[in-house]
Amino acid sequence: MTAKKINPAEYSAQTNAVRAGHNRGPEGEHGEPIFPTSSFVFENAAEAAARFSGDSPGNIYSRFTNPTVRTFEERLAAMEGGERCIGTSSGMSAILSTCLGLLKAGDHIVSSRSIFGTTVGLFGNLLPKFGIETTFVDLIDYDAWEKAITAATRLLFLETPSNPLTEIADIARLAEIAHKHDCLLVVDNCLCTPILQKPLEYGADIIIHSATKYLDGQGRCVGGAIVGSNDLLSEDIFGFLRTAGPTMSPFNAWVFLKGLETLNVRMKAHCENALLLAQWLEQHDKVEKVYYPGLVSHPQHQLAKDQQNGFGGLVSFEVRGGKEAAWNVIDSTELFSITANLGDTKSTITHAATTTHHRLTDEQRVEAGIKPELVRLSVGLEDVEDLKRDLESGLIKLS
Ligand SMILES: *Cc1c(COP(=O)(O)O)cnc(C)c1O
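Since the model is a prediction, treat every value here as computed from it, not as a measurement.

Describe the site of the ligand, naming the residues involved and giving the relevant values.
Around the ligand, the surrounding shell consists of S90, G91, M92, F116, E159, D188, C190, S210, T212, K213, V222 and G223. Taking G91, its main chain carries an N or O atom lying 2.9 Å from an oxygen atom of the ligand. One nitrogen or oxygen atom from the side chain of D188 is found 2.6 Å from a nitrogen atom belonging to the ligand. Calculation on the ligand without its partners gives an accessible area of 380 Å², and the protein chains cover 91% of this total. A per-class count over the shell around the ligand returns four nonpolar, five polar and three charged.

The following block contains the structure:
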């Protein structure tokens, strides 16, 4: 059976999600094989030498490359429209590898304040130990981004939509600001995935993924990815990874591959359920405010429509009665899983102020807009009428 590998440039993201990257082997397997091997053997001493010198491409050791991981990488790169993708052991190691691969002591990052909590910790507490400082700015205050840039700034970092308040940043505008000052724009595209948003098309230089979320989509594995040009990824970032070692395991890569195949249908179903739930919450008399980019009332609704191909699965809302009311709603649910995770087929419910954002001081929390009455939902793929009924069981008890 001859190898039959498609040229991703000829196909849409959806076709690439199902087909790209698989180089069918001599066994003629239909599904992608897993290569659980730490190392690879050579025909002879000369071939070994050629692999190590880089004269001959090919696998050496799975800390560097592995065929299953490569299939995942080629598939996700094709979906994002990037030249190269590098799989990593987690979303956080994708961010760490990007920073340590590209930056050195004395360099500076400007980052949105509204990013994943652990990323705030990495930028705010860990990287300063190595001489890399970060200035945090408001996601949609474009003047603040530009003002924060210094001669030492190398990277601008953001997530859009923000979590949990779903603010939408104009990626093209931030790319312009970044490039005007010779900086790179890094976008964590975890919440949208390439199905809903392709940051490279708007001028972003590097995309980060936590594959743990929607790419897997069923809460099985932890992993991450970096997507961008060969130029940026090959030397510095891949060089860091093969030396430091936060690489993706072949088994996890295989799980993520299977996740990518259904990503398109899952994302559309997440979006559909989330919009119906957001609309229902918005007219509910016990609900004060709903945050969802798909609502006409959302301040960046038009930008979300222009930049995204769907509004995502994250919906947040505020109830009257502060933390007690929010906890009441959370504890009354039966279907929603009480967990801080997101991007799963199973819907989850989170009290941001006391979990994902508990480390912030009261003052920082007010500044970030995380009120005690805020509840965040990651809307899954259950029947939306059952989800409404589940939330209603708590909402009905509120005064
Ligand atoms: C979860 C998450 C991360 C970190 O990913 P891990 O796989 O948990 O390391 C980074 N960014 C965003 C937006 C996330 O939601």
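Would you mind going over the side chain of D188 in detail, with residue names and values included?
Note that D188 resides in strand β5 (residues 184-188). This buried residue, D188, is left without a salt bridge; K213 holds the nearest opposite charge, at 7.4 Å. Within the structure, D188 has its side chain in polar contact with the backbone nitrogen of C190 (distance 3.1 Å). Excluding residues that lie within four positions of it along the chain, D188 makes contacts with I95, F157, L158, E159, T160 and I208.

Any details on the domain arrangement of the chain? Residues and values, ideally.
Per the domain assignment, the segments making up the chain are domain 1 (8-261) and domain 2 (264-395). Taking only C-alpha atoms, the centre of domain 1 and the centre of domain 2 are 27 Å apart. Across the boundary between the two partners, domain 1 contributes 30 residues, which contact 35 residues of domain 2. Summed over both partners, the interface of domain 1 with domain 2 buries about 2,800 Å², with 56% contributed by carbon and sulfur atoms. Linking domain 1 to domain 2 there are zero salt bridges. Remark: the boundary between domain 1 and domain 2 carries 17 residue pairs in polar contact (both at pLDDT 80 or more). Among the secondary structure elements, those contributing two or more residues to the side of domain 1 that touches domain 2 are α7 (171-180) and α8 (193-196). If one sorts the elements of the side of domain 1 that touches domain 2 by residue count, α8 sits on top with three residues.

Break down the sheet that holds strand β12 (residues 374-378) for me, with residues and values.
The five strands are arranged β8-β9-β12-β11-β10 in an open sheet whose pairing can be described as mixed. Because the sheet does not close on itself, it has two edges, and the strands there are β8 (287-291) and β10 (337-338). Strand direction decides the pairing type here: β8 and strand β9 (residues 314-319), joined by four bridges, are antiparallel. Paired with Y291 across the strands is S316, a residue of β9. In the packing of helix α13 (residues 322-332) onto the sheet, the strands contacted are β9, β10, β11 (348-350) and β12, and the crossing angle to β9 comes to about 130°.

How each quantity is defined
Residues numbered from 1 in each chain as written. Predicted model: local features only at pLDDT ≥ 70, side-chain atom pairs only at ≥ 80, totals over all residues. Heavy atoms only, no water. Near = heavy atom within 4 Å. Polar contact = N/O pair within 3.5 Å; in protein donor to acceptor, adjacent residues only side chain to side chain. Areas by Shrake-Rupley, 256 points an atom, 1.4 Å probe, with all protein chains shown as cover. Nonpolar A, V, L, I, M, F, W, Y, C, P; charged D, E, K, R; others polar. Helix = DSSP H or I, 4+ residues; strand = E, 2+ residues; numbered from the N terminus. Buried < 20%, exposed > 50% of the residue type's maximum accessible area, 1.4 Å probe, protein only. Lys, Arg positive; Asp, Glu negative; His and termini not counted. Salt bridge = Lys/Arg side-chain N within 4 Å of Asp/Glu carboxyl O. Contact = heavy atoms within 4.5 Å. Domains from an automatic or database assignment. Buried area = accessible area lost by both parts, 1.4 Å probe. Pairing = 2+ DSSP bridges. Axes fitted to C-alpha atoms, helices over the stretch in contact; angles between N-to-C directions.

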